[in-house]
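# Notes for the structure review
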Amino acid sequence: SEKITDFGKGYNMKKTVTLFLAAVIATALLSGCSAPKITDGAIVSADEVRYLNARPYSDGLAAVKTENGWGFVDENGDFAIEPAFEAVGSFSEGLCAAITEAGEQWGYIDKSGKVVVEGQYTAAAEFSDGFALVKRGNYYEYTDKEGNILKVTVPEKTAEDGTKTEAQTLTSFCDASSFSEGIARVEIGDMSAYINTDGEIIAEGFLTSNPFSEGLCSVNFTVEKDDLNGFIDKEGKTVIEPKYLDAGNFSEGLAPFKAKISDGTVSSSGVSTGAVYAWGYLNAEGAEVIAASYDNVYGFKNGLSRVSENIAASVYAYSFINSDGKTVTDGTYTFAYDMTGDGLARVAKTEDKQTVWGFIDKNGAEAVVPKYDNAKDFSEGYAPVCVGDKWGIIDKSGKLVVETKFDDIEAASDGHFLVRYGDRYGFLKIV
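Residues numbered from 1 in each chain as written. Predicted model: local features only at pLDDT ≥ 70, side-chain atom pairs only at ≥ 80, totals over all residues. Heavy atoms only, no water.

A word on the overall build of the chain. Along its length, the chain carries one helix and 41 strands. Relative to its 431 residues, the chain shows a buried fraction of 46%. Long-range contacts, defined as pairs at least 24 residues apart, comprise 37% of the intrachain contacts of the chain with a sequence gap of at least 6. With the model as given, the accessible surface of the chain reaches about 20,700 Å², and the carbon-plus-sulfur share is 47%. (Helix = DSSP H or I, 4+ residues; strand = E, 2+ residues; numbered from the N terminus. Buried < 20%, exposed > 50% of the residue type's maximum accessible area, 1.4 Å probe, protein only. Contact = heavy atoms within 4.5 Å. Areas by Shrake-Rupley, 256 points an atom, 1.4 Å probe, with all protein chains shown as cover.)

Right, here's the structure in full:
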């Protein structure tokens, strides 16, 4: 099941400098270290990278670290929140987790840096559907943006033997997940239940940790002593009967399912082969629209899904299929990642014992011929690529628009690339 992130790990520091010294250090940091000056016309940057650490932009702000702590810069690189925090997360729905009290206690700040939920948690996640999953000691809770804890009502129950269990209100759980599409999974006793943002239980009694996607959720039922997967809707109603050995999340109207396609055989000499299992895809009505024939499958993204075959121990051959189950790639790849919203997917081939990276388009054609030592996904029209140990940026035509001179570059987020040059961090801006 999903585990909450402890953002504080690795980011703690002692506040031992005076305000005067902090101002002097902050001024010195602005000189940064000299990085390549980028003036491509589409992508620009200052010629210094100035931060001790940084994270990609999220919700219009980026977390950066100076000698005085973590703060946030806006899209122009100006401090929207002065660096003063021991550790921070990322902004979501207007708030961000931050250590706001001594002793690594997490709370939440708004975009002005004001503490809106006091530090009282050992870990804190991002907001979704108006609530954030937080951890107090060994237990999980949900807080809203005012710091109110969600109360979950467990109704009275009558067991088969007539024994009644009184109604109760719960605020903490041994295990839990963040809200997705207005539904979250919690552990009550030794079983999973699903709750909504009103604190109502919509379904319970499952051994599962899957989130809702496209209004449905794969859950594990016990059917005649077998654990089988089916799907429920947001009212807890079973809409696809449990008959699958495993099942994944819906994406673009299709969900993976696992089935046994052979019981195995016994040869004349008595050598037996085990049962054979494979993956296929079903639609929201439960129809198996792509037959189970793949060793491994993934979710559909932008019209395609990657699939793979096991060709040796820990060795796979990847290809892409469309929603009709037709293979669109001419050959197979050593590695492959999901199709992005830019209409390109990252793939790798092994040639002369060297792995080289490129990109395919939605038709399966190689839009960028594999030739790079490494690459990251396209985002906002650009992708980071690596030659040797240095990173640059290409556009969708494959043109290198930022030379491979940086030590690392993250995929674009909110119109910015996070870059590292030496031991300092900065940003390239898409204009």
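Taking burial as the measure, the six residues of strand β36 (residues 382–387) include five buried ones, the bulk of the element. Where strand β35 (residues 374–375) lies against β36, two bridges are found, and the strand directions are antiparallel. If you follow asparagine 374 over to β36, its bridge partner there is cysteine 386. The turn joining β35 and β36, which pair antiparallel and follow one another in sequence, is formed by six residues; a positive phi near 60° is taken by glutamate 380. Where β36 meets strand β37 (residues 390–395), six bridges bridge the pair, whose relative direction is antiparallel. Looking across to β37, one finds that cysteine 386 is bridged to tryptophan 391. (Pairing = 2+ DSSP bridges.)

With antiparallel pairing, three strands are arranged side by side in an open sheet as β21-β22-β23. Of all strands in the sheet, those with a lone pairing partner are β21 (216–223) and β23 (238–244), marking the two edges. On average, adjacent strands in this sheet sit at an angle of 25° to one another, irrespective of strand direction. Strand direction decides the pairing type here: strand β22 (residues 226–233) and β23, joined by three bridges, are antiparallel. Across the sheet, the residue bridging to isoleucine 232 is threonine 238, located in β23. (Axes fitted to C-alpha atoms, helices over the stretch in contact; angles between N-to-C directions.)

Mapped onto the elements of the fold, serine 305 is located in strand β29 (residues 304–312). For serine 305, a relative accessible area of 0% gives the class buried. A polar contact of 2.8 Å, which involves the side chain of serine 305, links it to the backbone oxygen of tyrosine 298. (Polar contact = N/O pair within 3.5 Å; in protein donor to acceptor, adjacent residues only side chain to side chain.)

Moving on to the sheet that holds strand β11 (residues 123–128). Within the open sheet, the three strands sit side by side as β11-β12-β13. Their pairing is antiparallel. Each of the sheet's edge strands pairs with one partner strand only, and the pair in question is β11 and β13 (139–143). When strand polarity is set aside, the average angle formed by the axes of neighbouring strands in this sheet is 20°. Note that β11 and strand β12 (residues 131–136) share four bridges and pair antiparallel. Paired with serine 128 across the strands is phenylalanine 131, a residue of β12.

This part covers unusual backbone geometry. The phi dihedral of lysine 225 falls on the positive side, at around 75°, and the residue is not glycine. With respect to the helices and strands, the residue lysine 225 is situated in the loop between β21 and β22. We note that glutamate 252 has phi near 55°; this positive angle belongs to a residue other than glycine.

Each aromatic ring pair is described using two quantities: the centre-to-centre distance and the angle formed by the ring planes. A full pass over the atoms with the stated rule returns 19 aromatic pairs. In textbook terms, an aromatic cluster arises when at least three aromatic residues are bridged by ring pairs, as seen for Tyr194, Phe206, Phe212 and Phe221. Taking the ring centre of tyrosine 277 as reference, the NZ or CZ of lysine 258 above it sits at 5.4 Å. (Phe/Tyr/Trp six-rings, centres within 6.5 Å; stacked < 30°, edge-to-face > 60°. Lys NZ or Arg CZ within 6 Å of the ring centre and 35° of its normal.)

Here strand β2 (residues 43–44) runs beside strand β41 (residues 424–430); their pairing, made up of two bridges, is antiparallel. Considered in β41, the bridge of isoleucine 43 is made with isoleucine 430. As judged from the six bridges shared by strand β40 (residues 416–421) and β41, these two strands associate in the antiparallel manner. Residue pairing in the sheet places phenylalanine 417 in a bridge with leucine 428 of β41. The hairpin formed by β40 and β41 contains two residues between the paired strands, and glycine 422 there has a positive phi angle of roughly 70°.

It is worth spelling out the pattern of salt bridges at this point. For the structure shown, the criterion picks out 14 salt bridges. In this structure, lysine 349 engages glutamate 366 in a salt bridge whose closest nitrogen and oxygen atoms are separated by 2.9 Å. Here glutamate 366 lies in strand β34 (residues 366–372) and lysine 349 lies in strand β32 (residues 344–351), a separation of 17 residues in the sequence. For glutamate 366, a relative accessible area of 27% corresponds to the partly exposed category. Members of the salt-bridge network, linked through shared partners, are Lys301, Arg306 and Asp338. (Salt bridge = Lys/Arg side-chain N within 4 Å of Asp/Glu carboxyl O.)

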